[in-house]
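# A look at the structure
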Amino acid sequence: MTPRSNVDLYRHETSLMRSKRTRFIILVSTFLIVLATTIFLISQSRTIFSPEEMIEPQNRVPVDTSKKDDSEVEIQGKVVYLTFDDGPSKLTAELLDLLKEYDIKATFFMQGSQLQRTQFQSDVRRAVQEGHYVGAHSMTHQYKKLYQEKQFVPEMHETLSLIHDITGEKPQLVRPPYGSVPGLASKQIRDQIAEAGIKLWDWTIDSNDWRLKDQPNEIVENIKRGTKSNLEVVLMHEKPQTLEALPDIINFYKQKGYKFAVYDESEHVQMNFLKDDRL
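The rules we used
- Residues numbered from 1 in each chain as written.
- Predicted model: local features only at pLDDT ≥ 70, side-chain atom pairs only at ≥ 80, totals over all residues.
- Heavy atoms only, no water.
- Helix = DSSP H or I, 4+ residues; strand = E, 2+ residues; numbered from the N terminus.
- Buried < 20%, exposed > 50% of the residue type's maximum accessible area, 1.4 Å probe, protein only.
- Contact = heavy atoms within 4.5 Å.
- Axes fitted to C-alpha atoms, helices over the stretch in contact; angles between N-to-C directions.
- Parallel < 35°, antiparallel > 145°, perpendicular 65-115°, else oblique.
- Nonpolar A, V, L, I, M, F, W, Y, C, P; charged D, E, K, R; others polar.
- Phe/Tyr/Trp six-rings, centres within 6.5 Å; stacked < 30°, edge-to-face > 60°.
- Expected span 1.5 Å × (residues − 1).
- Salt bridge = Lys/Arg side-chain N within 4 Å of Asp/Glu carboxyl O.
- Polar contact = N/O pair within 3.5 Å; in protein donor to acceptor, adjacent residues only side chain to side chain.
- Patch = residues over 30% accessible without salt bridge, like charges linked within 9 Å, V, L, I, M, F, W, Y side chains within 5 Å.
- Areas by Shrake-Rupley, 256 points an atom, 1.4 Å probe, with all protein chains shown as cover.
- Lys, Arg positive; Asp, Glu negative; His and termini not counted.
- Charge placed at Lys NZ, Arg CZ, Asp CG, Glu CD.

### Quick notes on the overall build of the chain
Of the regular secondary structure elements, the chain holds nine helices and eight strands. Counting across all 279 residues of the chain, residues that qualify as buried make up 47%. Counting contacts in the chain only where the partners sit at least 6 residues apart, residues at least 24 apart contribute 79% of the total.

Spelled out as structure tokens, the structure:
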């Protein structure tokens, strides 16, 4: 009896250990699967938003622009603003040529580091002379400096001053790199912006053109899918694929009955994700 009992006890303990080990393996496997799935979903939902500087942290928070309240502004018919970031560049002149061909005025948000390049400054002057609006897009386009180190207002002041030196104009409108969310979520920094007399513009449609190299048709489709309201502000960049897509974008809005508009400081339209009516 005793030997058999010992064997049975040993078998029971071995079975119990195996059962515990199996449960532990299942628990660990489940945890790893959940962790991997979470990491994958986060990586897929995160919007990379640094057209020129991939060294920057990707800090843009996706903003739902599908629910647009046209009652916030007085709209006469359908209006679309074509906007271009990150100039001036070697493509600025070609963009201006194309816009002139279609008799359309656009809104440009230019970067200080590019404005300092003298070979592009004549195109900046030309843009203003031909009726386009030139606003600021910061000096560095660096998230850490602008938002974490609180250099947003100083950088915008410096960029606006450069535009004034080049064109003689005194613009007040800026576009926050990566959008106003989350960088400008703090009321303190928005108070500084308001006190400085600076206005902000985000967008209603993100074309994602900067990451669609050699895919102009995808840019056009993104814009078509995003067009849902009587007032649209289209975010684009000075990229070859954008230049190639632009005629189709223009024709799409013409067919839909939209009027092309350029930003007018005397009739400021609130267009910031934070819905701060001071900006």
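We are not done yet, so read on.
### Description of the packing of helix H2 (residues 92–101) against helix H9 (residues 240–255)
Running from N to C, H2 and H9 point in directions that differ by 10 degrees, and their axes come no closer than 10 Å. Regarding the angle of H2 to H9, the classification is roughly parallel. Contact residues: H2 offers Glu94, Leu95, Leu98 and Leu99, while H9 offers Leu243, Leu246 and Pro247. Tallied by class, the residues present in the contact of H2 with H9 amount to six nonpolar, no polar and one charged.

### What about the packing of aromatic side chains?
All chains considered together, the criterion is met by 11 aromatic pairs. Taking the centre distance of 5.0 Å and the plane angle of 65 degrees together, the rings of phenylalanine 252 and tyrosine 253 count as edge-to-face. As far as burial versus exposure is concerned, phenylalanine 252 and tyrosine 253 are alike and both buried. One aromatic cluster in this structure is built from Tyr81, Tyr133, Trp201 and Tyr263.

### Considering helix H4 (residues 118–129)
Relative to the 16 Å expected for 12 residues at 1.5 Å per residue, H4 spans 18 Å between its end C-alpha atoms, a close match to the ideal helical length. For H4, the full list of buried residues reads Phe120, Gln121, Asp123, Val124, Arg126, Ala127 and Val128. In this structure, the buried side of H4 is in contact with H2, strand E2 (107–110), helix H3 (112–115), strand E3 (133–136) and helix H6 (152–167). The positive-phi residue at the C-terminal boundary of H4 is glycine 131, with phi of around 95 degrees.

### Some words on the pattern of salt bridges
When the charged atoms of two side chains with opposite charge come close together, those side chains can pair. One pass over the structure, following the stated rule, counts eight salt bridges. Here glutamate 221 ties to lysine 224 by a salt bridge, and the two come within 3.8 Å at their closest N and O atoms. Separated by three residues within a single helix, glutamate 221 and lysine 224 lie in helix H8 (residues 216–226), roughly one turn from each other. Classification of glutamate 221 as partly exposed rests on a relative accessible area of 32%. Two residues, arginine 278 and aspartate 276, come together in a salt bridge whose shortest N-O distance is 2.9 Å. We classify aspartate 276 as buried; its relative accessible area is 8%. Three or more residues joined by partner-sharing salt bridges are found here, namely Lys187, Arg190, Asp191, Asp276 and Arg278.

### Considering the environment of aspartate 103
Structurally, the position occupied by aspartate 103 is in the loop between H2 and E2. Once the C-alpha coordinates of aspartate 103 and phenylalanine 260 are considered, the two residues, 157 residues apart in sequence, prove to be 9.4 Å apart.

### A look at the side chain of glutamine 114
Looking at the element boundaries, glutamine 114 is found in helix H3. Since its relative accessible area comes to 17%, glutamine 114 is described here as buried. Polar side-chain contacts of glutamine 114 include one of 2.8 Å to the backbone oxygen of proline 88. Once residues lying within four places of it in the same chain are set aside, the contact partners of glutamine 114 are Asp86, Gly87, Pro88, Ser89 and Phe120.

### Some words on a negative patch on the surface
A grouping of Glu169, Asp264, Glu265 and Glu267 is seen on the molecular surface, where their side chains present a negatively charged patch. Note that glutamate 169 resides in the loop between H6 and strand E4 (173–174).

### Focus on unusual backbone geometry
Glycine aside, residues mostly have negative phi, and peptide bonds are mostly found in the trans state. Residue glycine 87 is joined to proline 88 through a cis peptide bond whose omega torsion reads -5 degrees. Assignment of secondary structure puts proline 88 in the loop between strand E1 (78–87) and H2. Valine 181 connects to proline 182 through a cis peptide bond whose omega is 5 degrees. Within the secondary structure layout, proline 182 lies in the loop between E4 and helix H7 (187–195). For lysine 150, which is not glycine, the phi dihedral falls at a positive 60 degrees. For aspartate 214, which is not glycine, the phi torsion reads 60 degrees and is therefore positive. Of note, aspartate 214 is situated in the loop between strand E6 (205–206) and H8. Judged by its relative accessible area of 65%, aspartate 214 falls in the exposed class.

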